[in-house]
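Chain by chain, the residues run as shown.
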Amino acid sequence: MADFDGQGHLLSLKVMRVSRPGLASAWEPFYSSSSSFSARSTASILSLQGKTPLPGHPKTLRDLSHASEFLTLPAAFGAIQLGETFSSCLCVNNEANTDIEGVSIKVEMQTANSKVLLAEVGGTVDQRRLAVGDVLEVVVHHEVKELGQHVLACTVSYRLPPGFRHTPPGPVAEGAGDPNLQGFRKYYKFVVTNPLSVKTKVHVPRSPSALLDPVEREKVFLEVHIQNTTQEPMWFERIDFDCAEGWTATDMNQVRTGMDDSAESTPLFSGSMALMQPQATRQYIYVLLPTSIPTFPAPAQPGSIISLGRLDISWRTHFGEPGRLLTAMLTRRIPGPPPPPLQTLPPPQQPASAVPPYLQRGGTPSSPRLHSPQLPPSRSASPGPHRPASPFRNRPVVPVPRPQSPAGSIVSVAGSVAQPLVGPQQTSDVQVDLVATRKIQEPVHIYDPFTVEFKLTVSASVPRDIQNQTISIVVQHLRPSRALGAAEAPSVANSSREFVGGISAPSHVGSAVNVPDRPLVTSPSAQISSGGNLLQPLLPPPRFGTADQIRDAKLTGCTFVGPSSLALEPIKLCTPVHSGEDIHPARIEGSRQFELTFMALQTGYICAGGLRILLVDHELSDTEASVHHAVKEPKTLREYDVVGEVWVNS
């Protein structure tokens, strides 16, 4: 009589997971003061004792007292982690008393998003025949790349022996046109968990010195926290960061063996430090830099997401089981715009009273009482009562004259000098960027001047039919703001006289413009004649517009040397002409270099700064050789609190 499996088929299927053995648990006491126990523990292959302890490991067997020298096979299916390789052995057994022909097996791994064929043995081409008691074994491997539910689907098909009349229950094999072709399916479900928890933080430079460096300010510091969420230790073989397109990365998790540049570097977490205990966390730092440094920084759009790269992590568990995980794309999210202010709701109105007005004791606050002695009587068009004793009875009424036409009595208040209007096509759209081209030469001593070299880049939009642009920039030193009393306010004549006397001719670097130390009270848009030929705009006071105690405290240890303002040589921008193509550039750029001198007033760490970039003139020349001025008064383009950091020696 034929033997059938649980479903009544002639063949049976057994599925086993292929995994490495583990150490058998056997509790053994250990006493560090006992010489016999210590000698026995030292001779064991699991001994961690030695002359010098290993960093990151216990010196004794106190933490490994449950481990023995025997190996044991896993009693359960076990946990499967993301990144591991799932291996399984499938056995098709012939439990009948006759040979079975046409045996085939098909193995698939099904997830919520994919279906992968792992193995297919037998079929119409490869006819397999199982003798009585014979076994067909198939070993499959699958690298787990998804989290969640996984299903191992196994389909077994075979042909019934000739003359066999018993039809096994269950579904017939797929595409079976022959009633002798039989088959069955089995499903094995398991859940894949994440062995590592990866969290990232993105930092950008905030130091004033870094923000004035064209390379340092473009760097992005990626901080990665990796935690072992499993119940077993992991040995990390490799952790690499694969940059996204347009970025280059520097691994800061390296340790140099020497001080020179040719010294070799080894990973920080290597050797015994590569072992991560369960629930332990490690921190990694990567410095990212764009492959191309822009000449003029372009701020990212608020709310945008910038791709940085992926982490490629390889590890091994106990007895060397490999695992590999490629994280999703690590990104940097630009903060979005601030939310709009909340609108204040109107105060709730009191519901109307159900009592009729004539039954209410008091009137509403807005309606005056009748015959109230506190309120004057209302005027009316009818004459009042006749009072012969009144002294005002015979006073004549003088009518108030009113103009017949309101428009005829309006007097024009516009001045006789008409100022030119600035049309939309003549609006100034100028942006500036300041970088330090030469670092401060150290050492710096107190009361010794030191020089900082800067480069100012100007970017302007190109309107239609504009051929040339000339931009005039003034760099102004700023001092902490202060409240002025009536006695400190200077006169307009004195301020104007001191300002005009400080103008000098421009040079190849810049010309000095001496602005008085005290604030100027005249209008910034006023213009003063210098020598009867040149008109110079009146600059705003050389002080910060707002009070900030923290900023003012940083700038107390340093002061500028020289004039308070520096007029740079005008920057000429020419629109490029492309022959044969109608290409109109969006923006054009130009730059100027200049130097500023400062002097330290105290020792230690000091900050030099207080700088304002002013646009005093912007000329636009069109194709018809007509010149338009897009700026009527000095315009503040940007202010810098700190432009340099230095350590001062005594």
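Residues numbered from 1 in each chain as written. Predicted model: local features only at pLDDT ≥ 70, side-chain atom pairs only at ≥ 80, totals over all residues. Heavy atoms only, no water.

A few words on the pattern of salt bridges. Inspection of the entire model under this criterion finds 15 salt bridges. For Glu84, the salt bridge is made with Arg17, and the minimal N-O distance between the two is 4.0 Å. Residue Glu84 is found in the loop between strand S4 (80-81) and strand S5 (85-94), and its partner Arg17 is found in strand S1 (residues 11-17); the two are separated by 67 residues along the sequence. A salt bridge links Arg129 to Asp99; the shortest N-O distance between them is 2.9 Å. (Salt bridge = Lys/Arg side-chain N within 4 Å of Asp/Glu carboxyl O. Helix = DSSP H or I, 4+ residues; strand = E, 2+ residues; numbered from the N terminus.)

With that settled, consider the confidence of the model for the chain. Of all residues in the chain, 67% have pLDDT values of 70 or greater, and the mean over the chain is 75. Residue range residues 57-64 is modelled with pLDDT below 50. Its contacts to residues more than four positions away, or to other chains, number 19 contacts. Note on residues 400-425: pLDDT under 50 across the span, and nine contacts to partners over four residues away in sequence or across chains. (pLDDT = per-residue confidence, 0-100. Contact = heavy atoms within 4.5 Å.)

This paragraph deals with the packing of aromatic side chains. Within this structure, the stated rule accounts for five aromatic pairs. Between the aromatic rings of Phe86 and Phe190, the centroid separation amounts to 5.0 Å while the plane-to-plane angle is 25 degrees, which identifies the pairing as stacked. Here Phe86, found in strand S5, pairs with Phe190, found in strand S11 (residues 181-193); they are 104 residues apart in sequence, far enough to count as distant. Assessed through its relative accessible area of 2%, Phe86 is described here as buried. Between the NZ or CZ atom of Arg551 and the centre of the ring of Phe544, over which it lies, the distance is 3.8 Å. (Phe/Tyr/Trp six-rings, centres within 6.5 Å; stacked < 30°, edge-to-face > 60°. Buried < 20%, exposed > 50% of the residue type's maximum accessible area, 1.4 Å probe, protein only. Lys NZ or Arg CZ within 6 Å of the ring centre and 35° of its normal.)

Moving on, we get to the nonpolar core. With 50 residues, the main nonpolar core has Leu11, Val92, Ile105, Phe236 and Tyr286 as its most contacted residues. Top element by residues in this core is strand S6 (residues 100-110). It accounts for five residues. Counting 37 residues, the second largest nonpolar core, distinct from the first, contains Val430, Ala460, Ile471 and Ala600. (Core = buried A, V, L, I, M, F, W, Y, C linked by side-chain atoms within 4.5 Å.)

What follows concerns the layout of surface pockets. The computed volume of the largest pocket comes to approximately 1100 Å³. Taken together, 35 residues make up the lining of the largest pocket; nearest its centre are Leu211, Arg217, Glu218, Pro297 and Pro299. With four residues, the single largest contributor to the lining of the largest pocket is strand S23 (residues 430-438). When the residues that make up the lining of the largest pocket are grouped by side-chain class, the tally is 21 nonpolar, two polar and twelve charged. (1 Å grid on protein atoms, 1.4 Å probe; cavity = no way out; pocket = protein on both sides within 12 Å on 5 of 7 lines; lining within 4 Å. Points joined across faces, edges and corners; volume = space filled by probe spheres on them. Nonpolar A, V, L, I, M, F, W, Y, C, P; charged D, E, K, R; others polar.)

Here the focus is the environment of His141. Inspection of the secondary structure puts His141 in strand S9 (residues 135-143). Along the chain, His141 and Ala119 lie 22 residues apart, while their C-alpha atoms are 9.1 Å from each other. Apart from the residues lying within four places of it in its own chain, the contact partners of His141 are Thr85, Phe86, Ser87 and Leu118. At 2.7 Å, the side chain of His141 forms a polar contact with the side chain of Ser87. (Polar contact = N/O pair within 3.5 Å; in protein donor to acceptor, adjacent residues only side chain to side chain.)

A regular strand places its side chains on the two faces of the sheet in alternate fashion. Two strands pair when backbone bridges link them, and strand S13 (residues 220-228) and strand S19 (residues 281-290) are joined in this way by eight bridges, in the antiparallel orientation. Across the sheet, residue Glu223 finds its bridge partner in S19, namely Ile285. Where strand S15 (residues 247-251) lies against S19, five bridges are found, and the strand directions are antiparallel. Across the sheet, the residue bridging to Thr250 is Val287, located in S19. (Pairing = 2+ DSSP bridges.)

With a phi close to 65 degrees, Gln279 is a non-glycine residue in the positive phi region. Relative to the helices and strands, Gln279 resides in the loop between strand S18 (275-276) and S19. The partly exposed category is assigned to Gln279, whose relative accessible area is 43%. Positive phi, close to 65 degrees, is recorded for Tyr447, a residue that is not glycine.

In this section: the sheet that holds S9. Taken together, three strands build an open sheet; the order of strands is S1-S5-S9 and the sheet is antiparallel. Since the sheet does not close on itself, it has two edges, and those belong to S1 and S9, each with one partner. Adjacent strand axes in the sheet meet at a mean angle of 20 degrees, parallel and antiparallel pairs treated alike. In terms of strand pairing, S1 meets S5 through seven bridges, oriented antiparallel. What sits directly across from Arg17, in S5, is Ser88. (Axes fitted to C-alpha atoms, helices over the stretch in contact; angles between N-to-C directions.)

Taken together, Leu23, Leu71 and Phe319 make up a surface patch of nonpolar side chains, about 280 Å² in accessible area. Mapped onto the elements, Leu71 comes out in strand S3 (residues 67-72). (Patch = residues over 30% accessible without salt bridge, like charges linked within 9 Å, V, L, I, M, F, W, Y side chains within 5 Å. Areas by Shrake-Rupley, 256 points an atom, 1.4 Å probe, with all protein chains shown as cover.)

Examined against the element boundaries, Asp213 turns out to sit in the loop between helix H2 (208-211) and S13. A polar contact of 2.9 Å, which involves the side chain of Asp213, links it to the backbone nitrogen of Val215. A polar side-chain atom of Asp213 sits 3.1 Å from the main-chain amide nitrogen of Glu216.

In this section: the sheet that holds strand S33 (residues 587-600). Reading across from one edge, S23-S25-S33-S30 is the order of the four strands in this open sheet, with antiparallel pairing throughout. Unpaired on one side and paired on the other, S23 and strand S30 (558-561) mark the two borders of the sheet. In this sheet, adjacent strand axes meet at a mean angle of 40 degrees when their direction is disregarded. In this structure, S30 lies alongside S33, joined through four bridges in antiparallel fashion. In the sheet register, Phe560 faces S33, and the bridge partner there is Phe598.

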